[in-house]
Amino acid sequence: MGPLSVGPRAARFVARTLLKLYPRGFRRDVGSEVIRDFELAAADHLQTGARSFLIWLARNASSLVSNAGPEWKESLTSAGAPAAGRNARIGAMDVLRQDLGYAVRSLRKRPGFTALVVFTLGLGIGATTAMFSVVRGILLRPLPYPESERLVTVWESTPEDVTSPDGGLLSHANFRDVQAETPSIESIALANGFGLTVTEDGGAELVRGARITPGLFEVFRTPLVKGRDFTDLENRHRGPAVAIVGADYWRDRFGPLDEALGSSIRIGGQAHQIVGVAPSGFDYPGDARVWIPAQNDEAGCGRGCVNRGSVARLAPDATVETARAELETLATRLEAEYPSSNANTTFSVASLHAVTVGDVRPALWLLLGAVGMVLLIACANVANLILVRGRSRLTEVAVRTTLGAGQRRIFKQLLTESALIALLGGLAGLGLAVLAADLVLSLAPANIPRLDEVGLDPTTLGFAGLLVLVTTLLFGATPALLLSRVELTQALRSGGRGNVTRGRSARSRTAILTTEVALSVLLLVGAGLMIRSLARTTEIEPGFDARDIAIFRLSLPRTRYSPDERVRFMDRLSERLGAVPGVDDVAVMVGPPLSSVSIFGGFTRTDLPAPDPGEGPIANYRALGPGAIEMLAIPILQGRAFQRSDTYESEQVVIITQQAAERYFVGDDPVGRQIHVQVSTGYDEAGPRTIVGVAGDIRGTRLTQAPAAETFIPYAQAGAGFPHVLMRGDDSAALLEAARRELRSLDPELPLMRPGTLAELVDLQLAQPRFYLLLLAIFASLAVVLAGVGMYGVVAYAVSQRTREIGVRMALGARVPQVVQLVLWQGIRPAMWGIGLGVVAAFWAGGLMRGLLYEVAPQDPLTLVMVPPLLLGIVVVACAIPARRAARIPPATALRNE
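Visitor: Mind showing me how you'd approach the overall build of the protein here?
Guide: Counting its regular elements, the protein contains 28 helices and 22 strands. In the protein, which comprises 898 residues, the share counted as buried stands at 51%. Within the protein, contacts between residues at least 6 apart in sequence are counted, and of these 80% link residues at least 24 apart. In the form shown here, the protein has an accessible surface area of approximately 39600 Å², with 57% of it arising from carbon and sulfur atoms.

As structure tokens, this is what we get:
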């Protein structure tokens, strides 16, 4: 959301808030007109720049506040209120107007001080508001569906691992039983997002689509705008070719919606008749634009084929707990009835929102807490600045006390000034929040969910208003309380030069500095832990070489390509790509490492008794063409790699990884033994396979997960319809463009899907931790800079307070190092306390980061040891400047000034 849209909304929020100061009749008569004028004027001023807009908003907000008193006076007078009550209310408004006017004049007299405190507060409020907008858009905002809190996902899992949805996968047969025998689930559907190839006028276009079962739109309470849902007949294996299109997609691509129903589009080379149109904005799952029936083959792909995502709606009186209990009962029955497929299998359920957000929740809450610490440090800095500035106002406060002003009256006036500072800081913060939110979104990796829903909405603006109120109390209350308790006689005697509240003020400043340093330690320790973790992550050996490899995916539809035809087509494509200048090598692979394509399947050893259902070996399955192992530099530890002679007609072979050999062939040499691989991706599984080699382990799913057991089979013996093509060369962009040309000449209806490089897949694994580290490092840097500035200000103030004392000491023979040491101790003492408290707090709170770290303990000793000297060094530098200045004061000058 850009500044041009946020600006009028911010102006509307400010106008609405300040109008609450006015009488109800005024708000009723002209309130809406004032708000409208604010919005229109805001839009005009934004055209000339953010600075002009913020100046205009601050000036008009102040004017709106100052005019509230006269409106109340006129309102009460015309209403004929009793004299005593009317005078009291008029007096209260006059006092508020006087306090505001005095605060404005006071801040105008010291523009440097005002700019510094407003910028400091604006920095804290803006960063916090921007981070809150991210947290709200991703974590707090409900999903954009009716009654979204009742949406859940159901998946198959083992009793030992019921927390990770693994994409929410179900077999179609088990889905039918869940649908029929779970009263707590009102409706349920299967949905898998994937790329659809839509062809028109001889060209192929890749469109985000989904295979779904009937009832998906009912689950989401989202009726079609035209047509109907799929029928059970259309969802059967090899059923009619039909489709539902999104309204936005049809209008953008084809034309008016009235022409959609009954038309047809070619998907995967086959004509699909359009039977329905989904409403604008609906795109589940994964930005889908076109939906086709799942058409599950339950005979050929039974209960053991767990390959479909699910989404369900709970019944009105049901909860996740009641649904979980019913699903556990159902799982027990199915395990007894179908032991071969459902042994050691249960059903898990979780809210769709929790699954959509995934594992980013703890990181975002942690970052919001971190930026909240920055805001606290900013408030502490401003409080210290106000305390320092209060020295020059002692005589003013004393005179007002002499003239009859009580402590309460002075406290209210000083707090009003703080509120005005906070309001100005809030307005500056809103402008910074717009820029900061855009910056965060530009830096965020693509694998963070719901980024498109992040923006400065009214709730976020309300949060910013709450921050203004809280910051007023945080930084304004203590200085106002201390200054309002000034001792009259001492203040008049000091002439404004001494600190008449020296004990209380000094203790307050020390406590504030200690808090600043402690919070800075917390943030620095968090950033240090992330740096150490990321360094460990970048040192991970994935087990393959990803350099200079371009990669893309194809979808060879079963309606046009049989398994044999797929193998022949990939051979022709590989041959033509291999002849392209700049291509050093070409290979075919199903399920490249760290991609979203991951197939798990069981296998059994032919030389051992069959294991009990659900207890056999499990391995990740990949199909590799000739040369793929060599291209990826995966070492062959025993036996051989695949050869071109490994075809469907030759002996069925398999290569296993070292992890599979060590786990399932303990004490045996696996080469030469036979296994049954229970996975079929094209060809039907044809008997046992002979192990011809043992390959090195690879990190195939996540970079930070330990290598799992893997089985590799030749692509020519798999015939899968979703292969990846790998090309090695120096210029990946040129290789992919050449691949488009060659593919277009072979089959114009096949587009390149997800083109990129293998190195990008590896880099994507590090994108989230890098993003978290960057934000945490920014927040830690801000905290350290603010703490350093605060330390400098307090020590400089202490030097000005002790000028006469320093002059006396030097006149009596004190040397420069002694004076420097004396001044440095003013800052080092609270810093040492803050460092100690910060280290203790970091040790206690480190567990909050456990899920974000890799091979680094939350209480990492090295980080805890390195941070204190770093921060202490910054404190020493901040204190050294006023210390050197104090040491250079001539004794005679210091004594004469006093």
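Visitor: It is not clear to me how helix α22 (residues 732–746) should be interpreted in this structure. Could you clarify?
Guide: One turn of an α-helix holds 3.6 residues; hence residues three or four places apart share an orientation. Along its 15 residues, α22 runs 21 Å from first to last C-alpha, staying within 8% of the 21 Å computed at 1.5 Å per residue. If you check which residues of α22 are buried, you get S732, L735, L736, A738, A739, E742 and L743. Projected down its long axis, α22 carries its buried residues within an arc of 160 degrees, all on one side. Buried residues along α22 sit in contact with β12 (549–553), α19 (563–578), β21 (724–728) and β22 (753–757). The N-capping residue of α22, defined by a side-chain oxygen 3.3 Å from the backbone nitrogen of A733, is D731.

Visitor: Explain the packing of aromatic side chains here, please?
Guide: The geometry of two aromatic rings is summed up by the distance between their centres and the angle between their planes. Within the structure shown, the criterion is met by 13 aromatic pairs. Where F220 meets F282, the ring centres are 5.4 Å apart and the plane angle is 75 degrees; that geometry is what we call edge-to-face. Taken together, the residues span a long stretch of sequence, with F220 in the loop between α8 (216–219) and β5 (226–227) and F282 in the loop between β8 (270–278) and β9 (290–293) at a distance of 62 residues. Neither residue differs from the other here; F220 and F282 are each classed as buried. Three or more aromatic residues joined by ring pairs make a cluster, and in this case those are Y145, F217, F220, F282, Y284 and W291. A cation over an aromatic ring shows up here: R253 above the ring of F254, its NZ or CZ 5.5 Å from the ring centre.

Visitor: Help me understand the nonpolar core, please; the structure alone is not making it clear to me.
Guide: Most often, soluble globular proteins have nonpolar side chains that are buried together. M131, L364 and Y772 are the most contacted members of the largest nonpolar core, which has 83 residues in total. With residues up to four places along the chain from it excluded, the contact list for L364 reads M131, V134, V135, I138 and L139. L556, V580, M727 and L752 belong to the second-largest nonpolar core, a separate cluster that totals 46 residues.

Visitor: Help me out: how do you make sense of a negative patch on the surface in this one?
Guide: A grouping of D548, D584, D585, E630, D730 and D731 is seen on the molecular surface, where their side chains present a negatively charged patch. Tracing the chain through its elements places D585 in strand β13 (residues 585–590).

Visitor: Explain the pairing of β8 to me, please; I cannot follow it from the model alone.
Guide: Consecutive residues of a regular strand have side chains that alternate between opposite faces of the sheet. By the bridge criterion, two bridges tie β5 to β8 in an arrangement that is antiparallel. Bridging across to β8, G227 finds its partner in G276. Pairing analysis gives five bridges linking strand β6 (residues 242–246) to β8, with the strands arranged parallel. Looking at β8, one finds that V245 is bridged to V277. In this sheet, β8 lies alongside strand β7 (residues 264–267) in antiparallel orientation, the contact comprising four bridges. Across the sheet, I267 pairs through a bridge with Q270, a residue of β8. In this antiparallel pair of consecutive strands, β7 and β8, the connection spans two residues, and G268 shows a positive phi of 60 degrees.

Visitor: Would you mind going over a positive patch on the surface with me for this structure?
Guide: A surface patch of positive charge is lined by R16, K20, R24 and R27. Relative to the assigned elements, K20 resides in the loop between α1 (3–19) and α2 (24–47). Overall, the relative accessible area of 64% leaves K20 in the exposed class.

Visitor: Is there a simple way to explain a nonpolar patch on the surface in this structure?
Guide: A cluster of nonpolar side chains, L439, L443, L774 and I778, forms an exposed patch at the surface whose accessible area comes to about 300 Å². Residue position: L443 is located in helix α15 (residues 407–443).

Visitor: In this structure, what is going on with the confidence of the model for the protein? I would like to understand it.
Guide: Low-pLDDT portions of the prediction should not be read for the details of their coordinates. Per-residue confidence for the protein gives a mean pLDDT of 80, with 80% of residues at or over 70. The secondary structure element of the protein with the lowest average pLDDT is helix α17 (residues 488–494), at 46, and the one with the highest is β21, at 94. Long-range and interchain partners of residues 80–91, a stretch whose pLDDT sits below 50, account for 10 contacts in this model, where long-range means more than four residues apart. Low pLDDT, under 50, characterises residues 488–501; the predicted model gives this stretch 36 contacts beyond four residues in sequence or across chains.

Visitor: Before we go on, may I ask you to explain the side chain of D177 in this structure?
Guide: Among the secondary structure elements, D177 is positioned in helix α7 (residues 172–181). Among residues more than four places away in sequence, those in contact with D177 are R303, L330, R333 and L334.

Calculation criteria
Residues numbered from 1 in each chain as written. Predicted model: local features only at pLDDT ≥ 70, side-chain atom pairs only at ≥ 80, totals over all residues. Heavy atoms only, no water. Helix = DSSP H or I, 4+ residues; strand = E, 2+ residues; numbered from the N terminus. Buried < 20%, exposed > 50% of the residue type's maximum accessible area, 1.4 Å probe, protein only. Contact = heavy atoms within 4.5 Å. Areas by Shrake-Rupley, 256 points an atom, 1.4 Å probe, with all protein chains shown as cover. Expected span 1.5 Å × (residues − 1). Arc of directions from axis to C-beta. Polar contact = N/O pair within 3.5 Å; in protein donor to acceptor, adjacent residues only side chain to side chain. Phe/Tyr/Trp six-rings, centres within 6.5 Å; stacked < 30°, edge-to-face > 60°. Lys NZ or Arg CZ within 6 Å of the ring centre and 35° of its normal. Core = buried A, V, L, I, M, F, W, Y, C linked by side-chain atoms within 4.5 Å. Patch = residues over 30% accessible without salt bridge, like charges linked within 9 Å, V, L, I, M, F, W, Y side chains within 5 Å. Salt bridge = Lys/Arg side-chain N within 4 Å of Asp/Glu carboxyl O. Lys, Arg positive; Asp, Glu negative; His and termini not counted. Charge placed at Lys NZ, Arg CZ, Asp CG, Glu CD. Pairing = 2+ DSSP bridges. pLDDT = per-residue confidence, 0-100.

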